[in-house]
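Spelled out, the chains give:
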Amino acid sequence: MNLHPQDFLLFVDVLRRESGLVLAPGQEYLLKSRLAPVADRYGVDDLAGVAREIRMGSPQVLRDVVEAMSTHETSFFRDMLPFRQLQEKVLPALMRARDDKTLRIWSAGCASGQEAYSVAMLLHDMGIAHEGWKYDILATDISHQVLEKAKTASYTAFEAQRGVPVTTLLRHFNQADDMWAVKPHIRDAVKFRQLNLLEGAGHLGQFDLILCRNVLIYFDAGTRLSVLSDLRASLKRDGVLMLGAAETPPAEAAGLRLLDGVMGGYVRPNAE
Ligand SMILES: C[S@@+](CC[C@H](N)C(=O)[O-])C[C@H]1O[C@@H](n2cnc3c(N)ncnc32)[C@H](O)[C@@H]1O
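Given the structure is predicted, the values throughout are model-derived calculations rather than measurements.

What counts and what doesn't
Residues numbered from 1 in each chain as written. Predicted model: local features only at pLDDT ≥ 70, side-chain atom pairs only at ≥ 80, totals over all residues. Heavy atoms only, no water. Helix = DSSP H or I, 4+ residues; strand = E, 2+ residues; numbered from the N terminus. Rg over C-alpha atoms; globule rule 2.2 N^0.38 Å. Buried < 20%, exposed > 50% of the residue type's maximum accessible area, 1.4 Å probe, protein only. Axes fitted to C-alpha atoms, helices over the stretch in contact; angles between N-to-C directions. Parallel < 35°, antiparallel > 145°, perpendicular 65-115°, else oblique. Left-handed = near helix turned anticlockwise from the far one by under 90°. Contact = heavy atoms within 4.5 Å. Nonpolar A, V, L, I, M, F, W, Y, C, P; charged D, E, K, R; others polar. Core = buried A, V, L, I, M, F, W, Y, C linked by side-chain atoms within 4.5 Å. Arc of directions from axis to C-beta. Polar contact = N/O pair within 3.5 Å; in protein donor to acceptor, adjacent residues only side chain to side chain. Near = heavy atom within 4 Å. Areas by Shrake-Rupley, 256 points an atom, 1.4 Å probe, with all protein chains shown as cover. Salt bridge = Lys/Arg side-chain N within 4 Å of Asp/Glu carboxyl O. Phe/Tyr/Trp six-rings, centres within 6.5 Å; stacked < 30°, edge-to-face > 60°. Domains from an automatic or database assignment. Buried area = accessible area lost by both parts, 1.4 Å probe.

**Considering the overall build of the protein**
Here comes step 1: Within the protein, the regular secondary structure consists of 11 helices and 10 strands.
Here comes step 2: Here the C-alpha radius of gyration of the protein, 20 Å, is about what a compact globule of 272 residues would show, namely 19 Å.
Here comes step 3: Principal-axis analysis of the C-alpha atoms gives the protein an extent of 60 × 50 × 30 Å.
Here comes step 4: Of all 272 residues assigned to the protein, the portion counted as buried reaches 50%.

Dropping the structure here:
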């Protein structure tokens with residue numbers, strides 16, 4: 001499939017503007033492989049046809065291009081250690097600092113929902129509801145497609161069993177044929193909503209804990225800093241932001257302090 005240099009630049013430009021995704025020269029192969037199904041869907045022969053639709057201002061093509069180019073890789077309890085640290089350090093510290101016995105949690109860039117449901121399972125198993133705690137978990141993503149899957153709360157055996165201990169699996173999933181459905185007591189604890197992180201999140205209010213893991217890695221430095229500043233503003237004082245294990249964004253520049261002993265953990269300092 002051919003890709004003209006002007007069309008490559010057009011895709012680079014719209015993807016950066018619409019979703020923050022940065023494509024470097026040399027990643028033409030990624031465009032070609034991921035956008036071939038979009039070209040097929042619109043009955044055009046090659047990526048020049050997709051580019052033409054975008055130039056003509058088709059919002060649906062633009063949305064499909066952004067969807068096709070996003071990476072939705074995720075799993076339950078991804079990387080495991082951060083979830084253990086949430087349970088042992090982050091959540092107990094937050095609970096000591098909150099008199100109102102309420103926690104607001106946001107999974108930003110939640111993909112197909114595994115991260116948010118993992119947090120719901122963790123909170124359930126900590127038994128904090130029995131101690132009078134209330135929590136709500138909001139999960140957002142730019143992609144309508146993954147959100148539809150997330151809302152079904154139904155996963156293949158591979159997706160469900162990857163990273164989930166057997167006891168957790170049996171406690172929180174029902175098996176139906178070859179799919180595994182998250183049980184209602186976990187499913188109902190999470191609300192899903194479409195949100196583009198580039199468009200700000202002030203209207204969501206503030207949170208005690210935000211997970212934005214493996215999302216910023218696709219952005220350029222300027223976009224990362226600006227999204228981080230927004231996330232910081234969405235945290236209550238003492239609130240914690242969890243980033244992906246391998247991410248080292250300019251969090252300090254965004255007014256966040258590294259949280260000792262918590263992988264990918266940052267805190268919004270209290271004294272501001
Ligand atoms: C690799 S997944 C990470 C999922 C999960 N947080 C995890 O760590 O397993 C990245 C997700 O970020 C979403 N995303 C990318 N750009 C976004 C944006 N501008 N606003 C909101 N979500 C975005 C993608 O659609 C994708 O589902």
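**Looking at the packing of helix α3 (residues 47-55) against helix α4 (residues 59-69)**
Here comes step 1: At a minimum axis separation of 8 Å, α3 and α4 run at an interaxial angle of 130 degrees. Between α3 and α4, the interaxial angle falls into the category oblique. The crossing of α3 and α4 is left-handed. Between α3, through V50, E53 and I54, and α4, the contact on the second element is made entirely by V61, L62 and V65.
Here comes step 2: Residue classes in the contact of α3 with α4 are distributed as 5 nonpolar, no polar and 1 charged.

**A closer look at the nonpolar core**
Here comes step 1: By size, the foremost hydrophobic cluster in this structure holds 42 residues, and its most contacted members are F76, L86, Y117, F173 and L209.
Here comes step 2: Residue contributions to this core peak at 7 residues, all from helix α6 (residues 114-126).
Here comes step 3: Grouped together as the second largest cluster of nonpolar side chains are 24 residues, F8, V12, V44 and V65 included.

**Here we look at helix α7 (residues 144-152)**
Here comes step 1: Turning to α7, its buried residues number three or more, namely V146, L147 and A150. Mapping the buried residues of α7 onto a view down its axis gives an arc of 100 degrees, with all of them on the same face.
Here comes step 2: Buried-residue contacts for α7 involve α6, β2 (134-141), β3 (154-156) and β6 (190-194).
Here comes step 3: Measuring from the backbone nitrogen of Q145 back to the side-chain oxygen at the start of α7 gives 3.3 Å, which picks out S143 as the cap.
Here comes step 4: Phi for A153, located one or two positions after α7, is positive at around 55 degrees.

**What about the site of the ligand?**
Here comes step 1: Inspection of the region around the ligand gives 20 residues, with T74, R78, G109, D141 and N214 positioned closest.
Here comes step 2: Within the contact set of the ligand, a nitrogen atom lies 2.9 Å away from a backbone nitrogen or oxygen of S19.
Here comes step 3: Protein contact buries 98% of the 610 Å² of open area that the ligand shows by itself.
Here comes step 4: Of the residues assigned to the shell around the ligand, the class counts are 7 nonpolar, 8 polar and 5 charged.

**Overview of the pattern of salt bridges**
Here comes step 1: Going through the model one piece at a time under the given rule, you end up with 14 salt bridges.
Here comes step 2: Between R171 and D125 there is a salt bridge, and its shortest N-O distance comes to 2.9 Å. Residue R171 is found in helix α9 (residues 166-172), and its partner D125 is found in helix α6; the two are separated by 46 residues along the sequence.
Here comes step 3: The exposure class assigned to R171 is partly exposed, which follows from its relative accessible area of 39%.

**Considerations on the packing of aromatic side chains**
Here comes step 1: Tallied over the entire structure, the rule returns 6 aromatic pairs.
Here comes step 2: Ring plane angle 80 degrees and centroid distance 5.0 Å describe the contact between F76 and Y155, whose orientation is recorded as edge-to-face. Linking F76 in the loop between α4 and α5 (81-97) with Y155 in strand β3, this pair joins segments that are 79 residues apart in sequence. Side by side, F76 and Y155 carry an identical accessibility label, which is buried.
Here comes step 3: Ring pairing ties together the aromatic residues F76, Y117, Y155, F173 and F192, which thus form one cluster.

**Comments concerning the domain arrangement of the protein**
Here comes step 1: Partitioning the protein into structural domains gives domain 1 (5-69) and domain 2 (81-267).
Here comes step 2: Each partner contributes to the interface: domain 1 provides 10 residues, whereas domain 2 provides 10 residues.
Here comes step 3: Taking both sides of the interface into account, the surface hidden between domain 1 and domain 2 amounts to around 760 Å²; carbon and sulfur atoms contribute 53%.
Here comes step 4: Ranking the residues of domain 1 by area buried against domain 2 places S19, G20 and E67 at the top, with a combined share of 47%.
Here comes step 5: Across the contact surface, domain 1 and domain 2 share 1 salt bridge.
Here comes step 6: Summed over the shared surface of domain 1 and domain 2, the number is 6 residue pairs in polar contact (both at pLDDT 80 or more).

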